[in-house]
Amino acid sequence: MSRSRTDRFVQWSLGGLAVLSGGLVLLIVVFLLLGAWPTIQSGLLSHLLTDETWRPGSDRDPQFGLLPMLAASFLVTALSIGIAAPFGVAGAVFDRFYLPPGFRRWNHRLLELLAGVPSVVFGFWGLTVLVPAINRLHPPGQSLLAASLVLSLMILPTVALTSQAALRAVPESETLAAAGLGLGRARTIFSIALPAAKSGIGGGILLAVARAIGETMAVVMVCGNIAEFPSSLFDPVRPVTSTIALEMGYASADHKALLYTAGLILVLAVAALVGWLAFRGSKNVPASG
Amino acid sequence: MLNPLAAAPRRARRLDRAIAIAGGAASFSTLAVFGWIVWDLIRLGLPNLSWHFLTGEVETAGRSGGIGPVLVSTLLILLCCLAVAVPLGIGCAVWLSEFVRRGSRASRIVTGGVDLLASVPSIVFGLFGMTFFCQVLGLGFSILSGGLTLACMILPILVRTTLLALEGLPADLRPGAAALGLTRTTTLRQVLLPTALPGILVAITLGVGRALSETAALLFTSGYSTRWPDSLGESGRALSVHIYDLAMNIPNGSPNASASALVLLVLILLINLTATGLTERWTRHLSGTTS
Amino acid sequence: MIWPINLVKKRFLLLSLLSLALTHCGGDKGKTPTQITLTGSSTVAPLAADAAKRYETSHPEVRIDVQSGGSSRGIADTRSGLADLGMASRALKPDENDLTAHRIAMDGVCVIVHRDNPVAGFDKQQLIDIYTGKIENWKALGGPDREIVVANKAEGRATLEVFLDYTGLDSADIQADVVVGENQQAIKTVAGNPAAIGYVSIGAAVSEAEVGTPIKPVSCDGVPPTTEAVANGEFPITRPLQIITKDDPSPAAQAFLDYLKSAEIDDLVESHLYVPISH
């Protein structure tokens, strides 16, 4: 057997696996589309974008407004990333450049452990500790702030671990060379290490964004679930996933189709966001390289 | 390692100290909040832990008895999940990193698909799994359905993190291997994958953590049954689902919910320690053969 | 140098073999048991699961799978045939009259406030005023000067529907500050907020209050929230816990249904803090 034949075989089978992995999401979109079809057919779609709130179960005045919930999903995600990213990256820099190697292992191990704390536990803790504390500042406690804080805790290990991995992947020869050139540690971090690890850290943050948008069980307990545009950090909000989690098991046929539509629109909105970020990323690559 | 040079200007040294303090504070506060959460679990859950709790049957909906069958189901679900997700995820990452040019259309489509998959809400995975694996493929509420659903869910983590590990390999490995006349397959098997193994293990541990902590995707797929499972075709309740049910649905379930959460943490700790142990032995083995 | 990768590979092979073996060993046991699947209400599921466990010990030829996930899911699954029996914690709606409901227990829904709240009870009009936003401060009800935080149940939940039935409100009338899902979420919300009001299953409220959770189940129209008051029909907000069937259930499913309706599970019903139906 010639070597190139093995190569080609490996290449094609790996390619097959890759296509399968990349194509899985299409299967899910098709599945959501099938579930959402009754809504699309009945022309309720325009209500999703124009109604003010979400009240599909009301007999007198049903409302199917999705925008407040989409806004909540993105607000909660943006805030939680805004909290988790600086903490995670700063922690990773500390871990890579300041922490003695003996502690590094423990830091790493603890973060890995935290990545596995079930979302219910975070939700539980948020509801029994964080929400009452926020309630003392400003009732009712269940709020945009509570949801963002709980979520930022949940995604912090992901950001920290991927940033650590990215920083560790920066060749030591480069950082040593920088030190040899007389650059201080601070300059080395900002001019050598962080730029080199940029794409890895970005990938980690992208994973965290995805996790934050999709997270359900913890957020539903602390966000308050009121489907209106929040006017402050202390207002309750209702992300799309919460609605699906709260109502799916209890929805009759038409209501269920609406929830599928909500899920579909969320996935498409995220697709647009990811596509935009990837587009920006691909524009940046030649610029920096 | 890095020597903060005595000659560096005072401003640089001050900046250096500021970074150290900010980074240290960030690390410390993260761990402190987590310590708080874990301490709460220990305080509420530890009194209920016993050998009987680990091995016993679930009684009165979890308020009494143990979590034996739930533990077994959890491990089986995890095995199914990893058996599918690990080859798929690593294969995909290797292809992206070694067989297509970065930034090419094929690579961008596949990465885009994987990133998009990462942002599918876990509850949507649950609904998808219930329809596709349970009904369309006829697997029913089963450990297998749950494992496959989880596999779809952790796939992006595996791909992304493995990709990171492969891209972080020293740039001279590949031309070096090519200069030795190794084929791509041999290079992959004997040089790239072994060197990237620690990173791949990180990917797997992250995936395991995510899989073990997931509730929403399992509630509708592997189900609610607390019987001792004797095949993968049977319904079995995962630990995270058990915790959710005890905490949110069963009156006076909180003490055992905390105890179960504690068990889950210890389980994850054991898996992580095993992975770290393997990595260390492997790194030692590598340096032993190359030096 | 090559061995560890091979080792990894072998492990996967072993793993897949193991999974294959596991999938098949179920079938090797000779006689396959009759399978009965129940899906539906998360309120009924723990009770049904306990009853199923007991039933299986006396009927080893039967295997009962209980899946939780909500009343409407139970009804939909029964209709589609995915489940042999559905579980619901509410009465059937007019468009669900192709199915038959069988009552197996009763449950009451009571209002809860924080333990430190001096208010001892509400009548229907007060509840309506609170939930529609006409009364916004506990002062109006003889409590402290504090804005009321109204916790409501999510759309479609059986508890919400019985509450709406009782008050005669439409969900569009309700001005909630917080929306919750499961019973325990309502209980924890009220326990963590001295100004909150919510409503949950009586059994859950009473037993949580007994173990020291800072909530207080209060009386409704002057009737104290006890399972006795639900049993003798005095308590104003109640709901049936039901099993749903379509056409003719299989003989095995019918037999289990008869068991669930019998007095043999009364002690289980009580242990789950619901009220047995009188036989």
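Residues numbered from 1 in each chain as written. Chains lettered and ligands numbered in written order. Predicted model: local features only at pLDDT ≥ 70, side-chain atom pairs only at ≥ 80, totals over all residues. Heavy atoms only, no water.

**Looking at the overall build of chain A**
Within chain A, the secondary structure is distributed over 11 helices and two strands. Listed N to C, the secondary structure of chain A is α-α-β-β-α-α-α-α-α-α-α-α-α in terms of helices and strands. Overall size of chain A, expressed as C-alpha extent along the three principal axes, is 75 × 65 × 35 Å. Within chain A, residue pairs in contact and separated by at least 24 positions form 71% of the contacts whose partners lie at least 6 positions apart. Within the structure as shown, chain A displays about 11,600 Å² of accessible surface, and the carbon and sulfur contribution to it stands at 68%. (Helix = DSSP H or I, 4+ residues; strand = E, 2+ residues; numbered from the N terminus. Contact = heavy atoms within 4.5 Å. Areas by Shrake-Rupley, 256 points an atom, 1.4 Å probe, with all protein chains shown as cover.)

**Quick look at the packing of aromatic side chains**
Scanning the model with the defined rule gives 15 aromatic pairs over all chains in all. Each residue in the set A:F31, A:Y260, B:F128, B:F132 and B:F133 is aromatic and connected to the rest through ring pairs, giving one cluster. The ring of A:W106 is capped by A:R109, whose NZ or CZ atom sits 5.2 Å from the centre of that ring. Between B:R237 and the ring centre of B:Y224, over which it is positioned, the NZ or CZ distance is 4.1 Å. (Phe/Tyr/Trp six-rings, centres within 6.5 Å; stacked < 30°, edge-to-face > 60°. Lys NZ or Arg CZ within 6 Å of the ring centre and 35° of its normal.)

**Thoughts on the interface of chain B and chain C**
The partner chain C presents 45 residues to the 41 residues of chain B that form the contact. Between chain B and chain C the total buried area reaches about 3,700 Å² when both faces are included, carbon and sulfur atoms providing 59% of it. The partner of B:R227 in a salt bridge is C:E56, and the shortest N-O contact between them spans 2.6 Å. If you look at where chain B meets chain C, you find 10 residue pairs in polar contact (both at pLDDT 80 or more). Of all the secondary structure elements, the ones that give two or more residues to the side of chain B that touches chain C are α3 (68–99), α5 (122–136), α8 (184–212), α10 (239–248) and α11 (254–290) of chain B. Residues that form the side of chain B that touches chain C fall into these classes: 21 nonpolar, 14 polar and six charged. (Buried area = accessible area lost by both parts, 1.4 Å probe. Salt bridge = Lys/Arg side-chain N within 4 Å of Asp/Glu carboxyl O. Polar contact = N/O pair within 3.5 Å; in protein donor to acceptor, adjacent residues only side chain to side chain. Nonpolar A, V, L, I, M, F, W, Y, C, P; charged D, E, K, R; others polar.)

**Some details on the domain arrangement of chain B**
Residue and element names in this part refer to chain B. You can read the domains of chain B as domain 1 (4–48) and domain 2 (51–290). For domain 1 versus domain 2, the separation of C-alpha centres amounts to 29 Å. Opposite the seven residues of domain 1 that make contact, domain 2 presents eight residues. Between domain 1 and domain 2 the total buried area reaches about 580 Å² when both faces are included, carbon and sulfur atoms providing 76% of it. It is L41, G45 and N48 in domain 1 that bury the most area against domain 2; as a group they hold 71% of the surface buried on that side. The interface formed by domain 1 and domain 2 includes zero salt bridges. At the junction of domain 1 with domain 2, the criterion picks out one residue pair in polar contact (both at pLDDT 80 or more). Residue composition of the side of domain 1 that touches domain 2, grouped by class: five nonpolar, two polar and no charged. (Domains from an automatic or database assignment.)

**Re the side chain of C:E182**
Residues and elements named next belong to chain C. Tracing the backbone shows E182 in the loop between β7 (178–180) and α6 (183–191). A relative accessible area of 11% places E182 in the buried class. Separated by 3.4 Å, the side chains of E182 and S42 make a polar contact. (Buried < 20%, exposed > 50% of the residue type's maximum accessible area, 1.4 Å probe, protein only.)

**A short note on the environment of A:G275**
Locating A:G275 in the fold gives a position in helix α11 (residues 253–288). A C-alpha to C-alpha distance of 33 Å links A:G275 and A:A253, two positions 22 residues apart in sequence.

**Concerning the pairing of strand β4 (residues 99–114) of chain C**
Successive side chains on a regular strand alternate, one facing one side of the sheet and the next facing the other. All names here are of chain C. Buried residues dominate β4, accounting for 13 of its 16 residues. Here nine bridges tie β4 to strand β11 (residues 238–246), and the two strands are oriented antiparallel to one another. Note that in β11 the partner of T100 across the bridge is T245. Bridge analysis of β4 against strand β8 (residues 196–201) gives five bridges, and the strand direction is antiparallel. The residue bridging V111 from the neighbouring strand is Y199, located in β8. Where β4 lies against strand β9 (residues 215–217), three bridges are found, and the strand directions are antiparallel. Within the sheet, the bridge partner assigned to H114 lies in β9 and is I215. (Pairing = 2+ DSSP bridges.)

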